[in-house]
Amino acid sequence: MEKKEQTQKQSEHTVGKRRGSRFLQRTMAFGFCGAVLLLVLISLIMPDRSFSEEENRVLSKQPKFGVTEVMNKEYMEGLESYTSDQFVFRDLWIKLKVQCDLLIGKRELNGVYLGKDKYLIQAISEPDQEHVKENIKGMNAFAARHQDLNINAIIVPNAAYVMQDYLPKGAPVRDQGKDMKEIQKQLDAGIGCIDVTKTLQKHVEEGMYYKTDHHWTSRAAAYAFNAAAVQLGIEGASGDYQRYTVTNEFSGTLSSKSGYHKAEDTIEVFEPEGVDVKYLVSDSDDQEQRPTAYDKKALKEKDKYQVFFGGNHAQVDITTTNDTTKRLLIFKDSYANCFVPFLIPYYNEIIMVDPRYYYDNVETLISGKHITDVLFLYNMDTFLTDTSIAGVLAEE
């Protein structure tokens, strides 16, 4: 009898455990479904965002629905992008994911390495060899047509190559030194290729690149200018500068891309001492001339690197009071924006052209502006992946 009662109690206990387990499972299922439903309802109520300050980029809009869009998969691809970009509390989920990744020891965040001293260092892209070949071919053809011009190229290595000691252990690094030698070998003698790698490596501990952004700093540009001045044909360049800090609160593109926001940068501008040259600047987006290369309004925006010339433009014109016949045409990416201020005192006029946005005839520009010097100024990663250089140099 006693054994029977014990068995009955065990049976009732087992049934109770099963009921408790089923209740817990149902509760968890209802809770999960409720949470999903709540997120869906919030997503429907909340308006779409056009821009993410956290990621510093434009967010996807709801795609157009139509038979053609569905057939060519454009609608589904757009819907996937839209759903991801407009997901409720997206910024919060990104922060949580970053924290989880760091807790498990991960040091690569969306193509960005978290390195020594909180440096965020972008992984180097694999070059598009076909475009590299076409771009160099276009540069050589351009130099052959303009043997009367002083033509040079400064291809700046990226932080991942210059700052290899700052990268996490085992992080792969493309040998941009070999890339530089290959470029120098392929460029014709009519183009002087200036390598500033050793200069940057020598001063790396002084901050040659921003911690939160993919650009080099004004300090790096100053060292590079001093190293390149003679080959550029600049005599008596001032090696002394007054440095001014314009912001201590710069959080750049790599911080946005990685989701890591535990570092901030300082942006400086340099003014050469003993130089009394005034100048006026205008660009293809704002023809009004202004007596400065710096845009103070950018310091109130997310991308404070745009303090240099207000960012990238198809064309920027700089006229100076320097009584010289030297007029410089620069083909560039955004690395040139903090470098060009060092060039201003030594030319009568400087024209900056960004091939990604420029569609006018370069030959007409050269003859109309009486150009005497040409400089190609790119960071290595952009130069090896750019698709626009050859096109802008083509003879029409």
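Predicted model, so just to flag it, every value in this text is computed and none were measured.

Caption draft 1: Local environment of the packing of aromatic side chains. A full pass over the atoms with the stated rule returns 17 aromatic pairs. Here F142 and F331 contribute two aromatic rings whose centre-to-centre distance is 5.9 Å and whose plane-to-plane angle is 85°, an arrangement assigned as edge-to-face. Taken as a pair, F142 in helix 5 (residues 129-145) and F331 in strand 13 (residues 327-332) lie far apart in primary sequence, 189 residues in all. Overall, F331 belongs to the buried group, its relative accessible area being 0%. A ring pair is formed by F225 and Y346, whose centres lie 5.9 Å apart and whose planes are at 20°; its orientation type is stacked. Of this pair, F225 sits in helix 9 (residues 218-232) while Y346 sits in the loop between helix 11 (340-343) and strand 14 (349-353); the two residues are 121 residues apart in sequence, bridging distant segments of the chain. The pair F225 / Y346 is uniform in exposure class, with both members buried. By way of ring pairs, the aromatic residues W216, F225, Y241, F270, Y335, F339, F342 and Y346 are connected into one cluster. Here the basic side chain of K116 rests over the ring of Y166, its NZ or CZ set 5.1 Å away from the ring centre.

Caption draft 2: The arrangement of the pattern of salt bridges in detail. Here the structure, examined in full by the defined rule, presents 15 salt bridges. D179 is the salt-bridge partner of R174, the closest N and O atoms lying 2.8 Å from each other. Look at D179 and you get buried, because its relative accessible area is 11%. Across the salt bridge formed by R356 and D354, the nearest N and O atoms sit 2.7 Å from each other. Residue class for D354 comes out buried when judged on its relative accessible area of 0%. Sharing partners across several salt bridges, the network here consists of E126, R174 and D179.

Caption draft 3: Expanded view of the sheet that holds strand 12 (residues 315-320). Read from one edge to the other, the open sheet built from eight strands follows the order 7-6-15-13-14-12-10-11, with strand pairing classed as mixed. Two strands in the sheet have a free side with no partner beyond their single neighbour: strand 7 (191-194) and strand 11 (286-290). Averaged over neighbouring strand pairs, the angle between their axes works out to 15° when direction is ignored. The sheet contact formed by strand 10 (residues 279-283) and strand 12 spans five bridges and is antiparallel. Residue pairing in the sheet places Y279 in a bridge with T320 of strand 12.

Caption draft 4: Examining the nonpolar core more closely. With 63 residues, the main nonpolar core has W216 and L343 as its most contacted residues. Take this core: its biggest share by element is eight residues, from helix 9. If sequence neighbours within four positions are ignored, L343 has contacts with F225, L232, I234, L328, I330, I350 and L375. If you look at the next biggest cluster of nonpolar residues, it comprises 32 residues, including L149, I351, Y378 and I389.

Caption draft 5: How the structure looks around the pairing of strand 7. Going residue by residue along strand 7, you find I191 and C193 tucked away on one face and G192 and I194 tucked away on the opposite face as well. In this sheet, strand 7 lies alongside strand 6 (residues 150-156) in parallel orientation, the contact comprising four bridges. Within strand 7, the residue paired with N152 across the bridge is G192.

Caption draft 6: The arrangement of the layout of surface pockets in detail. Considering only enclosed or pocket space, the largest pocket measures out at about 560 Å³ in volume. Around the largest pocket, the lining comprises 32 residues; the ones closest to its centre are Q122, H214, H215, T253 and S334. Looking at the lining of the largest pocket, the elements with two or more residues in it are strand 5 (120-122), helix 6 (159-162), helix 10 (253-258) and helix 13 (380-383). Taken together, the residues of the lining of the largest pocket break down into twelve nonpolar, 14 polar and six charged.

Caption draft 7: View of the pairing of strand 14. Counting buried positions along strand 14 gives five out of five residues, so the element sits mostly inside the fold. Residue alternation in strand 14 divides its side chains into two sets, E349, I351 and V353 and I350 and M352, and both sets are buried. By the bridge criterion, five bridges tie strand 12 to strand 14 in an arrangement that is antiparallel. Directly across from T319, in strand 14, lies its bridge partner E349. When strand 13 meets strand 14, the two strands line up parallel, connected through five bridges. Its bridge partner being in strand 14, L329 is matched across the sheet by I351.

Cut-offs and rules
Residues numbered from 1 in each chain as written. Predicted model: local features only at pLDDT ≥ 70, side-chain atom pairs only at ≥ 80, totals over all residues. Heavy atoms only, no water. Phe/Tyr/Trp six-rings, centres within 6.5 Å; stacked < 30°, edge-to-face > 60°. Helix = DSSP H or I, 4+ residues; strand = E, 2+ residues; numbered from the N terminus. Buried < 20%, exposed > 50% of the residue type's maximum accessible area, 1.4 Å probe, protein only. Lys NZ or Arg CZ within 6 Å of the ring centre and 35° of its normal. Salt bridge = Lys/Arg side-chain N within 4 Å of Asp/Glu carboxyl O. Pairing = 2+ DSSP bridges. Axes fitted to C-alpha atoms, helices over the stretch in contact; angles between N-to-C directions. Core = buried A, V, L, I, M, F, W, Y, C linked by side-chain atoms within 4.5 Å. Contact = heavy atoms within 4.5 Å. 1 Å grid on protein atoms, 1.4 Å probe; cavity = no way out; pocket = protein on both sides within 12 Å on 5 of 7 lines; lining within 4 Å. Points joined across faces, edges and corners; volume = space filled by probe spheres on them. Nonpolar A, V, L, I, M, F, W, Y, C, P; charged D, E, K, R; others polar.

Interpretation in functional terms is not warranted from these geometric data alone.
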